[in-house]
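Chain residues, written in single-letter form:
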Amino acid sequence: MTADLLVDRISLLLTMEPGTPGARDAPLGALEDAAVAFLDGKVAWIGPAGQGPDAARVLDGRGCVALPGLVDPHTHAVWAGSRADEFQRRLAGASYTEILEAGGGILSTVRQTRAASLRALTALAAARLAGMRARGVTTVEVKSGYGLTPGDERKMLEAARAVTGGPRVVTTFLGAHAVPAELRGRRDAYVAQVIEEQLPACAPWAEAIDVYCDRGAFDLDEAVAILQAGRALGLKVRAHAEQVAYTGIAAAAAALGATCVDHLERLDPAGVAAMAAHGTVAVLLPGAQLYLRDSAPPVAALREAGVPLALGTDLNPGSSPLHDPWTNATLGCLLQGLTVEEALLGMTRAAGQALGHPELGHLGPGAVGDLVLVRSPPGEPPSAAALVQHLGGAQVRAVVQGGRLVAPPGAPGTGRDGQSTDIAIA
Ligand code: NIG
Ligand code: FE
């Protein structure tokens, strides 16, 4: 076999597959002095450094940790406009829900997003997603939810899918994100529009359906009706659940077969039990917890019940303007009590599971060919803990997506004989 790409001499490879031959440190599947070969977009071989197949290109992993390409399972990366003013109002004491109920917050982004063209939205999303990929994200979930009409919701999903040259994009329809200003006080009419008009227009552009079931947004019955309608059209189910007020949506969505439920700051024991019973992944969003100065979800209870824990940035212009998955991992540990291992699994394997894509977020023969090569901060040996300990300290050296080196320019390369080679970016 001649591989397309070989990443050789990796100081520490974390496969996220505990069963990797020779690996230690379950559940991360750690191998020292290892190599990974890619062929036809997939992982073709994993083994000891220096023993890999011939390859058209070789990357030098010395001094680096390699992980599967990162998966961000929850973002609102398509939007127009700014809410920097809202940030200042919240610093001065206004609450997120007060601002939303007064027509700001999400509704302010809705006004600005409706006014933007498909082309402008695509360019904005592309710039944000390019930033994420440079940080190692190779798959990102992107939601609608700032359009709130059939045409504007579809425009957002089209924009997300039109982004080229960035991470793999998985789209989610979130028409039920807020009641738009023009239907204020007529929630029934808006729920009917979501189900009867938005869903048929948007389902072909989305893989999943989401709802924001909360105070100031949609109630449990409305949320369940919307999720059921989406599921009937073949969409995967997920929900913004138990964030500001407890509603019971986590358990209800789990019972509907949700792949994940997200936020969970106010999750109760019944919700934990339902998620465990249905195999629903918990997507933790420490950025929103930090920015809203909220309390943590019940991580210990979720762990105890065996619920998989994923980590998302929730990148959006209001509650979580957080662009960096490494910072997010550190926040997950410090604010929510994750272990280093849980944080790293949460941004890889568990995040793939949250999206209903179990082929993502781990490295083994046949897995998707995504890998990030990262250095610990200066002076730290290559280790899982050092990557997470330093807030924003991880230094991404190279990103491989679909078996191709995609970032950054000047990634470190050597030939099999140890001679330096000049590796062009594919
Ligand atoms: O996941 N909580 C509701 N929705 C988003 C916030 C979006 C926004 O503030 O624009 C969230 O936090
Ligand atoms: Fe969100």
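Residues numbered from 1 in each chain as written. Chains lettered and ligands numbered in written order. Predicted model: local features only at pLDDT ≥ 70, side-chain atom pairs only at ≥ 80, totals over all residues. Heavy atoms only, no water.

Overview of the side chain of Thr109
Then, number 1: Structurally, Thr109 can be placed in helix H3 (residues 106-114).
Then, number 2: Its relative accessible area of 1% is what places Thr109 among the buried residues.
Then, number 3: For Thr109, the contacting residues outside a window of four places in its chain are Trp79, Ala80, Arg83, Tyr146 and Pro317. (Helix = DSSP H or I, 4+ residues; strand = E, 2+ residues; numbered from the N terminus. Buried < 20%, exposed > 50% of the residue type's maximum accessible area, 1.4 Å probe, protein only. Contact = heavy atoms within 4.5 Å.)

What about the packing of aromatic side chains?
Then, number 1: What the rule picks out here adds up to two aromatic pairs.
Then, number 2: Summarising the aromatic geometry, the rings of Phe87 and Tyr291 are spaced 6.2 Å apart at their centres and angled 55 degrees between planes, so their arrangement reads as tilted. Of the two residues, Phe87 sits in helix H1 (residues 84-91) while Tyr291 sits in helix H10 (residues 286-291), which places them 204 residues apart along the sequence.
Then, number 3: Judged by relative accessible area, Phe87 falls into the partly exposed class, the value being 38%. (Phe/Tyr/Trp six-rings, centres within 6.5 Å; stacked < 30°, edge-to-face > 60°.)

Let's talk about the layout of surface pockets
Then, number 1: Empty space within the largest pocket amounts to approximately 280 Å³.
Then, number 2: Along its surface, the largest pocket is lined by 15 residues, and Arg90, Tyr96, Tyr291, Leu292 and Arg293 are the ones closest to its centre.
Then, number 3: Elements represented by at least two residues in the lining of the largest pocket include exactly H1, helix H2 (96-101) and H10.
Then, number 4: No other element matches the three residues that H1 contributes to the lining of the largest pocket.
Then, number 5: A breakdown of the residues in the lining of the largest pocket according to their chemical character gives eight nonpolar, three polar and four charged. (1 Å grid on protein atoms, 1.4 Å probe; cavity = no way out; pocket = protein on both sides within 12 Å on 5 of 7 lines; lining within 4 Å. Points joined across faces, edges and corners; volume = space filled by probe spheres on them. Nonpolar A, V, L, I, M, F, W, Y, C, P; charged D, E, K, R; others polar.)

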